[in-house]
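# Chain and residue survey
Next come the chains, spelled out residue by residue.
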Amino acid sequence: MKKIEAIIRKTKFEDVKEALLAADIEWFSYYDVRGEGKMRQARIYRGVMYDTSCIERILINVVVRDKNVERTVTAIQKAAYTGEIGDGRIFVIPIEDAIRIRTAERGDIALYNAEQEK
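Residues numbered from 1 in each chain as written. Predicted model: local features only at pLDDT ≥ 70, side-chain atom pairs only at ≥ 80, totals over all residues. Heavy atoms only, no water.

A few words now on the packing of aromatic side chains. Inspection of every chain in the model, using the stated rule, returns two aromatic pairs. A ring pair is formed by Phe13 and Tyr30, whose centres lie 4.5 Å apart and whose planes are at 45 degrees; its orientation type is tilted. Of this pair, Phe13 sits in helix 1 (residues 13-22) while Tyr30 sits in strand 2 (residues 29-36), and the two are 17 residues apart along the sequence. Aromatic rings pair up to connect Phe13, Phe28 and Tyr30 into one cluster. (Phe/Tyr/Trp six-rings, centres within 6.5 Å; stacked < 30°, edge-to-face > 60°. Helix = DSSP H or I, 4+ residues; strand = E, 2+ residues; numbered from the N terminus.)

Our next topic: the pairing of strand 1 (residues 2-9). Bridge count between strand 1 and strand 5 (residues 54-64): eight bridges; the pairing is antiparallel. Pairing of Ile7 across the sheet is with Leu59, part of strand 5. Bridging between strand 1 and strand 6 (residues 88-94) involves seven bridges; their strand directions are antiparallel. Looking at strand 6, one finds that Ile4 is bridged to Val92. (Pairing = 2+ DSSP bridges.)

The next thing to look at is the nonpolar core. One finds Ile4, Ile8, Val16, Leu20, Ile60, Val64 and Ile76 to be the most contacted residues of the largest nonpolar core, which totals 21 residues. The set of elements that each furnish at least two residues to this core consists of strand 1, helix 1, strand 5 and helix 2 (69-80). Element by element, the count of residues in this core is highest for helix 2, at six residues. In contact with Ile76, other than residues within four places in its own chain, are Ile4, Ala6, Ile8, Val16, Leu20 and Ile90. (Core = buried A, V, L, I, M, F, W, Y, C linked by side-chain atoms within 4.5 Å. Buried < 20%, exposed > 50% of the residue type's maximum accessible area, 1.4 Å probe, protein only. Contact = heavy atoms within 4.5 Å.)

Interpretation in functional terms is not warranted from these geometric data alone.
See below:
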């Protein structure tokens, strides 16, 4: 199992969500996050200077079986791509175990229902 964390532009969230659903990834969580990027510049809007180094993004978390890692990463990468600086990052992290609280099932089966096995 792997945990995939993706930090993407807010404007690309709906595209990424649709891409994940099309890739049969039915469960994921997401959060509004802020971070510091490489770009350090100030912008002036209506005479007021704004610091743009703090950027708002969406953090998507999804845990998938090993067989679904590449499909998930590819879906996120294609949907989040603009070709501009600030498209985001994808991290793939190993997961040691998963436990479904209701049934105490462990491992891959804790992620999905057995009757939905593909």
